[in-house]
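Okay, here's what each chain looks like letter by letter:
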Amino acid sequence: MPREVVLSDHFVLVLTVLYFLLSWVIYPHMAGRRNIANLFSNVWPLLALVIGQMFVLIVGGIDLSQTSIMAVTSVLGAAIMATRFDPAKFEHNPFWGVVFSEQGGLLAGSGWAVPAAVLVMLVVGVTIGLLNGLAVAKLRMPPFMVTLVAMSFFSGLAIYLTRSENIMYLPESFIAMGKGAIGPVPSALLMVVSLAALAFVVLNASVLGRWFYAVGQNIRTARACGIPTQRVVVLAYVLSGFCAAVGSILYSARLEAGRPTLGRDLLLDVIGAAVIGGISLFGGKGKVLGAVYGVLFFVVLDNSLNKMPLDFYSIDIIKGCVILMAAVLDALRTRIAANQVVLVGMS
Amino acid sequence: MRCVPASLRIRLSWWECPEMVEWALEFDGISKSFFGVRALSNVSIAVREGHTLGLIGENGAGKSTLMNILGGVIAPDEGRIRLFGREYQPASPAEATDAGIAFIHQELNLFANLSIADNLFIDGFPRLGKSPIIDRRSARRQAKELLSLVDLDIWPGTAVEMLAPGERQLVEIAKALGRDSRLIIFDEPATSLTAAERTRLFDIIKRLHEQGRTIVYISHTLDDVLRVSNTVAVLRDGCLVSTGPCGQYSVDRMISDMVGRRIDQMYPARSTGPGVAVALKVEGLTQPGIVKDVSFELHEKEVLGVFGLVGSGRSEMARIIFGLDRCKDGRISIRGQDATNASAEANIRNGLAFVTENRHAEGLLMDTTVLNNLGLVSLRQFARFGPARILWRSGGLESANRVAGMLRIKSGPIHKQHVRSLSGGNQQKVVIGKWLLTDPVVLILDEPTRGIDVGAKYEIYGIINTLAERGAAILYICSELEELVGLCDRILVMSNGQIEAEFRRGDYQQEAILQAAFSGRGGSKAAPAGRIDSSR
């Protein structure tokens, strides 16, 4: 393949389009109106998560706890705003009668229920991110360990709080956040596109953005340049937690439930889409556009696999292989780019 | 001639039937371009078997390109190489190794976590028969013999990370010996060595020479090159400028050949002297085990040198002053404002700047552009919209270009060129340049000229002078005494975390300075004769 194509920022987009066209030939309804709408509705929540993950990857970390943040915030938000709890499912819950009852959650029926629930979800996401960030930056613990423990703890907590039951009967106005539309534009699109635009401005056109990249490329140099490295690292995890909470809002609204196992199988998708989008696991590299392309590719792939006569596990195996290929390709691109640089350097 | 241990006989088979040839290595009309830029043009050099070639040139002159061609890393566009009389076209570094070439690099290629023996045999362990099991005992024994060839009396099971830099260098040489290398390339081998280790290295090189091995010695330390070489070759801008027997060369001639002009005065003069106003004041700075009761004043327009051996606490002191590390006791003030244990961020705002010792590890972001590096410290001043701190795409480009021009950084467009692809001297200029954008009151430089070529050194001296003339106070930490004597108004000598002595310009005696640096190291504390009291 010609160098310019492989090295291009838009390589993944080209691949996605080619793949989509190929699938279209085989499955003509791929390009049907309903499927396209479905496809894009899968893009937005995943993109929110990948953008959050990107901040952490850029500063040279990894956030495995995103999915557990989704689960815990999904449950907490629902516990506040659900209009009714099914006694058959929740009677034996230790919080029965304390936090929720047959009449619904804490603020059930109140006009403040949905804003309060959304706020709590975001605050909890940010807080868990803050804890992750502090453990990584101040205690200098390895990010992998910190967020793995957080993942285990908070996903366990979400299941404990609900005894593994989904919380149904969420208010209509909340569900509209994931499924509704403002005029012809889905509200999920609006939320995530503005999130992406904000991330783009931060990374490309702000001092903070330069600091993220500097910390990821060489934290010692960053420190010697007077960059507040600890604050930058903490902030990356906070943003990741925030984005995970946004993802949680969108997924919970689409599923119309507070779900303690929400996002359980999503971690691979998030990391996979990030890697496909050229966000380096070694830190210091990553662009919002790459995240968008990575998510698009992943969603198209997932969509096409679902059309094939395959079972759940085979789909996972294929997805794993594709992510592996993306990682290999990324290493290859890095090597081609590095070679070019080295060669110029010798002149 | 030295006796080769019996167990190495087989490994050193070429040694038994040397089939001596006249020319060990002949480059014939080698040319190489990268993207239209000539890196080498028509270079022809020949080295007699058993001779030592001293290859010199500024960074970017083409030495590394030539050695990369020899090592099979890249192929030449034109020209041929003959190795020991045979046509030689290596396609990979492995082929170069097989052909009997060993490279000993400045940056060592050893695995710090593995033992010496593991490192020596990493590409071919002795095995138990034909099984894949390593014959540890035999490996240790052979390792011991190889180590004895380089006078290293250390148990081969020792992890490399436990060794001093000089000892690691020796292990690297032992590795080359173990591979029967007939041609050994030394690329800046002595940079990180102490004086004693240096002497040892030269003894070994001499011995290798006596054994009849051919050596190419590349270094910026021209005295060393004169000391070890039979033949000297000088590269400049990809061309062979001159070559001839060592006797025809002096350090002065080497410099003028390398630079293409004469540097009559290595240390340019400064038009102003030290001022009266105190820019930086340090009182009783103490951090247990690191520095003890360090006090001095640094005035505006003054260049204050700090001399000391590695481990004397000089770099650690600088890190504490700058705010990267803490101190337990003492006071630091910048222009009268207290800055004790202030953060680096706050100190930078107060006008402090720090060119760190190791530009790769702590000075640069290698894989981003020159512009991003230059702007790293001063980003905030180019930001708009208050707390949002938005940067326009052109933000700082003009100022950065001005600094790049002033420092004469040789680079492509600074918003495109990556720092990794610059030469060492230009990289160092980028590190200095990022601080110029902040207009510092006090500039601390830690070993700013290490590993860069003569021309770039000269330019950096000029930059330091210019800054001092404009009113900055300079704290200059350096291991090269000559450089400090040439450049500084005063020199502080540190040893064991303390300031042992102070010398003023006109009062510099190299021996006394060295003595002060070595005092307090042997346990018996030297009399604090030159104990500093810099208050005027």
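Residues numbered from 1 in each chain as written. Chains lettered and ligands numbered in written order. Predicted model: local features only at pLDDT ≥ 70, side-chain atom pairs only at ≥ 80, totals over all residues.

Draft legend 1. Region of interest: the overall build of chain A. What chain A contains, in helices and strands, is 15 helices and two strands. In terms of overall size, chain A behaves like a compact globule, its C-alpha atoms giving a radius of gyration of 21 Å where 347 residues would be expected to give roughly 20 Å. Along the three orthogonal principal directions, the C-alpha set of chain A runs to about 75 × 55 × 40 Å. Across the 347 residues of chain A, 47% fall into the buried class. (Helix = DSSP H or I, 4+ residues; strand = E, 2+ residues; numbered from the N terminus. Rg over C-alpha atoms; globule rule 2.2 N^0.38 Å. Buried ≥ 20, exposed ≤ 12 C-beta atoms within 10 Å, placed from the backbone.)

Draft legend 2. Structural detail: the overall build of chain B. Secondary structure summary: chain B contains 18 helices and 20 strands in total. Across the 536 residues in chain B, those meeting the buried criterion constitute 46%. Contacts in chain B between residues far apart in sequence, at least 24 positions, make up 69% of those at least 6 positions apart. (Contact = placed C-beta atoms within 7 Å.)

Draft legend 3. Representation of the sheet that holds strand β12 (residues 291-299) of chain B. One open sheet accounts for four strands, arranged β12-β11-β14-β15 (chain B); its pairing is antiparallel. Taken across any chain shown, the strands that pair with only one partner, and hence form the sheet edges, are β12 and β15 (337-338) of chain B. (Pairing = 2+ DSSP bridges.)

Draft legend 4. Local environment of the nonpolar core. Counting residues in each nonpolar core, the largest one holds 190 residues, and the members touching the most others are L47 of chain A together with V442, I474 and Y476 of chain B. Sorting elements by how many residues they give to this core places helix α12 (residues 229-255) of chain A first, with 17 residues. Non-local contacts of V442 of chain B, meaning those with residues more than four positions away in its chain, are made with A279, L280, L298, I334, G351, L352, A353, A472, A473 and L475 of chain B. (Core = buried A, V, L, I, M, F, W, Y, C linked by C-beta atoms within 7 Å.)

Draft legend 5. Main features of the interface of chain A and chain B. Contacts between chain A and chain B engage 22 residues on the former and 33 residues on the latter. Partitioned by chemical class, the residues of the side of chain A that touches chain B number 11 nonpolar, eight polar and three charged. (Nonpolar A, V, L, I, M, F, W, Y, C, P; charged D, E, K, R; others polar.)

Draft legend 6. The pairing of strand β3 (residues 52-56) of chain B, seen in detail. Residues and elements named next belong to chain B. The buried count for β3 comes to five of five residues, which makes it a mostly enclosed element. Where burial is concerned, the two faces of β3 agree: the one with T52, G54 and I56 and the one with L53 and L55 are both buried. With four bridges joining them, β3 and strand β8 (residues 214-218) adopt parallel strand pairing. When the sheet's bridge partners are listed, T52 is paired in β8 with I215.

Draft legend 7. The arrangement of the packing of helix α13 (residues 267-276) of chain A against helix α14 (residues 288-307) of chain A in detail. All names here are of chain A. Two elements in contact, α13 and α14, have axes whose closest approach is 7 Å; the angle formed by their N-to-C orientations is 120°. Taken together, α13 and α14 sit at an angle that is classed as oblique. Of the two elements, α13 crosses α14, and the hand of that crossing is right-handed. The residues of α14 that touch α13, namely those facing D269, G272, A273, A274 and I276, are A291, G294, V295, F297 and F298. By residue class, the composition of the contact of α13 with α14 is seven nonpolar, two polar and one charged. (Axes fitted to C-alpha atoms, helices over the stretch in contact; angles between N-to-C directions. Parallel < 35°, antiparallel > 145°, perpendicular 65-115°, else oblique. Left-handed = near helix turned anticlockwise from the far one by under 90°.)

Draft legend 8. Examining the domain arrangement of chain B more closely. All names here are of chain B. Examined at the domain level, chain B breaks down into domain 1 (6-17 + 25-259) and domain 2 (278-351 + 440-518). If you average the C-alpha positions of domain 1 and of domain 2, the two centres end up 36 Å apart. Across the contact, eight residues belong to domain 1 and six residues belong to domain 2. Tallied by class, residues from the side of domain 1 that touches domain 2 come to three nonpolar, three polar and two charged. (Domains from an automatic or database assignment.)

Draft legend 9. Local environment of helix α2 (residues 63-70) of chain B. Residue and element names in this part refer to chain B. For α2, a buried count of six out of eight residues is recorded, marking the element as mostly surrounded by other parts of the structure. Of the residues making up α2, those classed as buried are K63, T65, L66, N68, I69 and L70. Within two residues after α2, G72 carries a phi angle of roughly 80°, on the positive side.

Draft legend 10. Region of interest: the sheet that holds strand β20 (residues 498-504) of chain B. Residues and elements named next belong to chain B. One open sheet holds the six strands; their spatial order is β16-β17-β18-β13-β19-β20, and the pairing between them is mixed. Of all strands in the sheet, those with a lone pairing partner are β16 (352-355) and β20, marking the two edges. Strand-to-strand twist across the sheet, computed as the mean angle between neighbouring axes with direction ignored, equals 20°. Here helix α10 (residues 314-322) sits on the sheet and contacts β13 (303-308), β16, β17 (442-446), β18 (473-478) and β19 (490-495); the angle it forms with β17, its principal contact strand, is near 150°.

Draft legend 11. The arrangement of the confidence of the model for chain A in detail. Put simply, chain A has an average pLDDT of 88, and 93% of its residues get 70 or more. Low pLDDT, under 50, characterises residues 341-347 of chain A; the stretch is placed with 17 contacts to residues that sit more than four places away or in other chains. (pLDDT = per-residue confidence, 0-100.)

Draft legend 12. The packing of helix α5 (residues 136-149) of chain B against helix α6 (residues 165-178) of chain B, seen in detail. Residue and element names in this part refer to chain B. Contact geometry of α5 with α6 gives a least axis separation of 9 Å together with a crossing angle of 115°. Comparing their axes, α6 and α5 come out roughly perpendicular. α6 is crossed by α5, and the crossing has right-handed handedness. Between α5 and α6, the contacting residues are L146, L147 and L149 on the first element and A174, L177 and G178 on the second.

Draft legend 13. Structural context of unusual backbone geometry. Positive phi, close to 65°, is recorded for S164 of chain A, a residue that is not glycine. By the element assignment, S164 of chain A lies in the loop between α7 (143-162) and α8 (172-179). Phi angles above zero are rare outside glycine, and N341 of chain B is one such case at about 50°. Mapped onto the secondary structure, N341 of chain B falls in the loop between β15 and α11 (344-349).

Draft legend 14. Broad picture of helix α3 (residues 33-58) of chain A. All names here are of chain A. A rise of 1.5 Å per residue sets the reference length of α3, with its 26 residues, at 38 Å; its end C-alpha atoms lie 36 Å apart and thus fit the reference within 8%. At L46, α3 is bent by approximately 25°, the largest bend along its length. Directly beyond the C-terminal end of α3, a positive phi value near 85° is found at G60. (Expected span 1.5 Å × (residues − 1). Bend = angle between axes of the 7 residues up to and from the residue.)

Draft legend 15. Up close: the environment of M177 of chain A. Along the chain, the position of M177 of chain A falls in helix α8. Look past the residues within four positions of M177 of chain A in its chain and what remains in contact with it is S187, I249 and A253 of chain A.

Draft legend 16. The environment of A143 of chain B, seen in detail. All names here are of chain B. If you trace the backbone, A143 turns up in helix α5. Owing to 26 C-beta atoms within 10 Å, A143 belongs among the buried residues under this scheme. Sequence separation between A143 and A174 is 31 residues; the distance between their C-alpha atoms is 8.5 Å. With residues up to four places along the chain from it excluded, the contact list for A143 reads I116, A117, L120 and P156.

Draft legend 17. Molecular detail of the pairing of β13 of chain B. Residues and elements named next belong to chain B. By the criterion of burial, β13 is predominantly enclosed, with six of the six residues buried. Because side chains alternate across β13, one face comprises the buried residues V303, G305 and F307, and the other comprises L304, V306 and G308, equally buried. Bridge analysis of β13 against β18 gives five bridges, and the strand direction is parallel. Within β18, the position partnered with V306 by the bridge is I477. When β13 meets β19, the two strands line up parallel, connected through five bridges. Residue L304 lies in a different strand from β19, and its bridge partner there is R490.

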